[in-house]
Amino acid sequence: MLILPTLLLAVASLPPAHADESVVLSPHNLSAAGRGTVRALNEGEVCIFCHTPHNADPQAPLWNRYNPTTHYRIYTSSTTDARIDQPGGPSKLCLSCHDGSIALGLVLSRSPTDPIAMNQPFMPTGTSNLTNDLSDDHPIGFRFDRQLSNRDSQLRSPDLVDHRIKLGDRGELECTACHDAHNNELGNFLRITQREGALCNTCHRMDGWRNSAHALSSKTVPFTVTNGVAAPFNSMFDNACQTCHLSHNAPHRERLLRARPYDICINCHSGFPARDISGLMNQRSGHRTARFFDLHDPTENPLTMRPHVDCVDCHNPHAVKANPLAQTRLTAAPAALIPPGMQFVPGVTASGNQVDRARYYYEVCFRCHADNPVPVDRRIIRQRDAIGNIRRELLPTVASAHPILFPARGGMDVPSLVPLQRARPVIGCQDCHNNPDARELGGFGPNGPHGSRFDFLLAAQYETADFTIESPQAYALCYRCHDRNSILGDQSFRFHNRHIVTERTPCSVCHAAHGVTGPQARHDHLINFDLTVVGGQRLFVDTGNFTGTCTLTCHGVNHVNFTYAP
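Residues numbered from 1 in each chain as written. Predicted model: local features only at pLDDT ≥ 70, side-chain atom pairs only at ≥ 80, totals over all residues. Heavy atoms only, no water.

**As for the overall build of the protein chain**
Here is the rule we go by: By definition, any uninterrupted DSSP run of H or I lasting at least four residues is a helix, any uninterrupted run of E lasting at least two residues is a strand, and each is numbered from the N terminus. Using C-alpha atoms as the atom set, the radius of gyration is obtained and then compared with a globule rule of 2.2 Å times the number of residues to the power 0.38. Residue contacts are defined here by distance: any two heavy atoms, one from each residue, within 4.5 Å place the two residues in contact. For the purpose of charge, His is not counted, nor are the chain termini; Lys and Arg are scored as positive and Asp and Glu as negative. Charge placement uses NZ in Lys and CZ in Arg. For Asp and Glu, CG and CD serve respectively.
Scanning the protein chain from N- to C-terminus turns up 16 helices and 11 strands. Whereas a compact globule of 566 residues would reach a radius of gyration of roughly 24 Å, the protein chain reaches 32 Å, over 25% beyond that. Each principal axis of the C-alpha distribution contributes one length, and for the protein chain these read about 105 × 40 × 40 Å. Considering only intrachain contacts with a sequence separation of at least 6, the fraction spanning at least 24 residues in the protein chain is 54%. Measuring between centres, the 51 positive side-chain charges of the protein chain sit 5 Å from its 52 negative side-chain charges.

Below, the structure written as structure tokens:
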């Protein structure tokens, strides 16, 4: 039988320890000779604080402390599939000190009235005192078995987990799975180093992590992310999971984050060490992540979720990749496919189905701008109004649409298209909704629709106010694809110049930006009148190439079967 004298003899016979390989040199040495900040005033024995050779409770591991009777607040999360219960026996052994409820010197081998005198009677407040609130700590008290790994695809099968992780006989995961109370060689009594996320990745298998920009980054984790505390390692590559997560005492409990997701992202993406996104967040229009914080949930249903936006709605921090092409200016026009920075994010397909991994850029946009559309400030109310459901406006069955879901049709009908656009069968949402200074648009700023100095998060100016004076700037967005000389030269519509220049009618009065449902003959060429400007019957009829009729009232002028032709 293993008894304490044997243990002590074994300790004494060990070669000189380096680091904290033995209890003697670790913070778990609570004797008067201990090196930690918590120690006995006079007690010289090392093992007595946890073990006794006689009258132990429980018998193994010859336990010498009272078990806590505390009812703990346990970890909960919408994304966990584990059935988490109160801590089990092995964890309670640890918590007999680390929940701070039982005096450190109170051991079974002594009378309760004569505990070991300590310089600090109870576990002092700090990272080692977990309290009775374990909701901000990595969950314990559950079975990590095949059933769990089958339910959660981002967990490894327990059969494949490193043998150094000590699960219970039936797969119970307790404190002792990650911690070895007798060996502090790796710090925090861990069984596996946290460098490069080795400990976490033993059980967790996050999609896309190994080749992600965060996993490979050699940049330093800024103090703003770690709340002023130095990160354990120098680079994000080495800190890995610890860059954003804490195993214990996590300020943002769910998913054990150092802060709410937006704050973590922006604390790095404020110019140091990563590209500055924060400067875009307070522009005239944008995805206002700061206004709707903490509403995102990875399990949310796009059909029922509340309006919100957060960085993690469009980016998966575990899978985000650097885009070499995006590091230089004007390398290529924005693509319709998901860019590397949006890998492994969910989406909604053109048919309205939810998918775990979006393939096309618009599928990410459709999570918020389709069947449960978020309100959009100053949205134009139109003749055929889809109430913000962009997906419906872009379907192949619509009368006309910008070529986002399906290739452009009737190219010769649009003589104004510039050569670059004529060669592109489809475009992406970010062609129009983007940072005006995005690198992919020829600027020097971050790509993507984070913020814009123009309305509707647009990449260029797009005036929609009636009586706007025409200029290259006023309709810069349209003129990116549609040649201004062609438009004002009336190549496609005989009265373009008169409407836009003379009558100062914005493009948006007659043309919808995305698409329009209904009969093609009445809504070809994205004709869908702005109700605040156009009245009367609002009837347009396409009668052939560059010909048609209008019956409507605009600017006080009645158009009755007004016919135009080349």
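From this point, the discussion proceeds with the structure in view.
**Points about unusual backbone geometry**
In this model, phenylalanine 272 is joined to proline 273 through a cis peptide bond whose omega is 0°. Mapping proline 273 onto the fold places it in the loop between helix H7 (261-268) and strand E3 (285-286). Backbone geometry at arginine 255 places phi at a positive 65°, although glycine is not the residue there. Inspection of the secondary structure puts arginine 255 in the loop between helix H6 (236-239) and H7.

**Concerning the pairing of strand E10 (residues 547-554)**
Our working definition: Think of it in three bands: with a 1.4 Å probe and only protein chains considered, a residue is buried below 20% of the maximum accessible area for its type, exposed above 50%, and partly exposed in between. Being paired, for any two strands, means DSSP has found at least two bridges between them.
Taking burial as the measure, the 8 residues of E10 include 7 buried ones, the bulk of the element. Here strand E9 (residues 534-544) runs beside E10; their pairing, made up of 7 bridges, is antiparallel. Bridge assignment links glycine 535 to a residue of E10, and that residue is threonine 553. The hairpin formed by E9 and E10 contains 2 residues between the paired strands, and phenylalanine 546 there has a positive phi angle of roughly 60°. Sheet analysis places E10 next to strand E11 (residues 557-564), joined by 6 bridges and oriented antiparallel. Looking at the pairing, threonine 549 lines up with threonine 563 of E11.

**Notes on the nonpolar core**
One broad rule of soluble globular proteins: the nonpolar side chains tend to lie buried together. Short version of the rule: Take the buried residues of types Ala, Val, Leu, Ile, Met, Phe, Trp, Tyr and Cys, join any two whose side-chain atoms come within 4.5 Å, and each joined set is a nonpolar core.
Counting 23 residues, the largest nonpolar core has Leu134, Phe142, Phe144, Leu148, Ile165 and Leu173 as the members making the most contacts within it. Ignoring anything within four residues of it in the chain, the contact list for phenylalanine 144 reads Leu155, Arg156, Pro158, Val161, Leu167, Gly171, Leu173 and Cys203. Grouped together as the second largest cluster of nonpolar side chains are 20 residues, Ile338, Met342, Val364 and Val398 included.

**What about helix H2 (residues 89-98)?**
When we look at burial in H2, the residues that qualify are Ser91, Leu93, Leu95, Ser96 and Cys97. The positive-phi residue at the C-terminal boundary of H2 is glycine 100, with phi of around 75°.

**Comments concerning the side chain of aspartate 238**
Filter applied, for reference: Contacts described as polar in this section are N or O atom pairs within 3.5 Å, which, within protein, must combine one atom able to donate a hydrogen with one able to accept it, while residues neighboring in sequence count only if both atoms come from side chains.
Its location among the elements puts aspartate 238 in helix H6. Residue classification places aspartate 238 among the buried residues on the basis of a relative accessible area of 13%. At a separation of 3.2 Å, a polar atom in the side chain of aspartate 238 contacts the side chain of arginine 195. Those residues in contact with aspartate 238 that sit more than four places away from it in its chain are Gln194, Arg195, Glu196, Gly197 and Phe233.

**A word on the packing of aromatic side chains**
Counted only if it meets this: Pairing of aromatic side chains requires ring centres within 6.5 Å, counting the rings of Phe and Tyr and the six-membered ring of Trp. Pairs whose planes differ by under 30 degrees are stacked, by over 60 edge-to-face, and all others tilted.
Scanning the model with the defined rule gives 6 aromatic pairs in all. Judged by centre distance (5.3 Å) and plane angle (50°), the rings of tyrosine 362 and phenylalanine 366 are tilted. A ring pair is formed by phenylalanine 493 and phenylalanine 495, whose centres lie 6.0 Å apart and whose planes are at 75°; its orientation type is edge-to-face. Exposure remark for phenylalanine 493: the relative accessible area of 18% places this residue in the buried category. Here the aromatic cluster, defined as three or more aromatic residues joined through ring pairs, consists of Phe493, Phe495, Phe562 and Tyr564.

**Quick look at the environment of leucine 458**
Its place among the elements puts leucine 458 in the loop between strand E7 (451-452) and helix H12 (476-481). It is 8.2 Å that separates the C-alpha atoms of leucine 458 and serine 285, two residues lying 173 residues apart in sequence. The contacts of leucine 458, once residues within four sequence positions are left out, are Ser285, Cys432, His433, Asn434, Pro436, Ser452 and Leu477.

**Here we look at the sheet that holds E10**
Cut-off, in case you're wondering: A fitted line through C-alpha atoms serves as each axis, taken over the contacting stretch for helices, and the angle formed by two N-to-C directions is quoted from 0 to 180°.
On the basis of which strands lie adjacent, the open sheet formed by 3 strands has the order E9-E10-E11 and antiparallel pairing. Edge positions in the sheet fall to E9 and E11, since each of these pairs with one other strand and no more. The average undirected angle you get between the axes of adjacent strands in this sheet is 0°.

**A closer look at the pattern of salt bridges**
For clarity, the threshold we go by: A carboxyl oxygen of Asp or Glu within 4 Å of a side-chain nitrogen of Lys or Arg is what we treat as a salt bridge.
Counted under the stated rule, the structure contains 19 salt bridges. Taking the shortest distance from any N to any O, the salt bridge between aspartate 133 and arginine 253 comes out at 2.8 Å. With aspartate 133 in the loop between H2 and strand E1 (142-143) and arginine 253 in the loop between H6 and H7, this pair connects stretches of sequence that are 120 residues apart. For aspartate 133, a relative accessible area of 14% puts it in the buried group. Among the charged side chains, a salt-bridge network with shared partners connects Arg73, Asp133 and Arg253.

**Concerning H7**
For H7, the complete set of buried residues consists of Pro261, Tyr262, Ile264, Ile266 and Cys268. Buried positions along H7 lie against H6 and helix H8 (311-314).

**Section: the environment of leucine 394**
Relative to the assigned elements, leucine 394 resides in helix H10 (residues 390-394). According to the relative accessible area criterion, leucine 394 is buried, its value standing at 1%. Sequence-wise, leucine 394 and glycine 126 are 268 residues apart; in three dimensions their C-alpha atoms are separated by 55 Å. For leucine 394, the residues in contact, after removing those within four places along its chain, are Phe366, Ala401, His402, Ile404, Leu405, Phe406, His514 and Gly515.

**Focus: the state of the cysteines**
To keep things clear, this is the line we draw: In plain terms, two cysteine sulfur atoms within 2.5 Å form what is called a disulfide here.
The full count for this structure, using the stated rule, is 0 disulfides. The thiol of cysteine 178 is unpaired, and the distance to the nearest cysteine sulfur, on cysteine 203, comes to 6.5 Å. When its relative accessible area of 11% is taken as the criterion, cysteine 203 is described as buried.

**What to know about the side chain of asparagine 528**
Within the secondary structure layout, asparagine 528 lies in the loop between helix H16 (520-523) and E9. On the basis of relative accessible area, asparagine 528 is assigned to the buried category, the value being 0%. One polar contact links the side chain of asparagine 528 to the main-chain amide nitrogen of glutamine 383, over a distance of 3.4 Å. Residues in contact with asparagine 528, not counting those within four places in the same chain, are Arg382, Gln383, Arg384, Val509, Cys510, Ala512, Val516 and His523.

**What to know about the environment of aspartate 455**
As for its position among the elements, aspartate 455 is in the loop between E7 and H12. Through-space distance from the C-alpha of aspartate 455 to that of serine 285 is 5.5 Å; in sequence the pair is 170 residues apart. Residues in contact with aspartate 455, not counting those within four places in the same chain, are Arg284, Ser285 and Arg378. Here the side chain of aspartate 455 touches arginine 284 through a polar contact of 2.6 Å, side chain to side chain.

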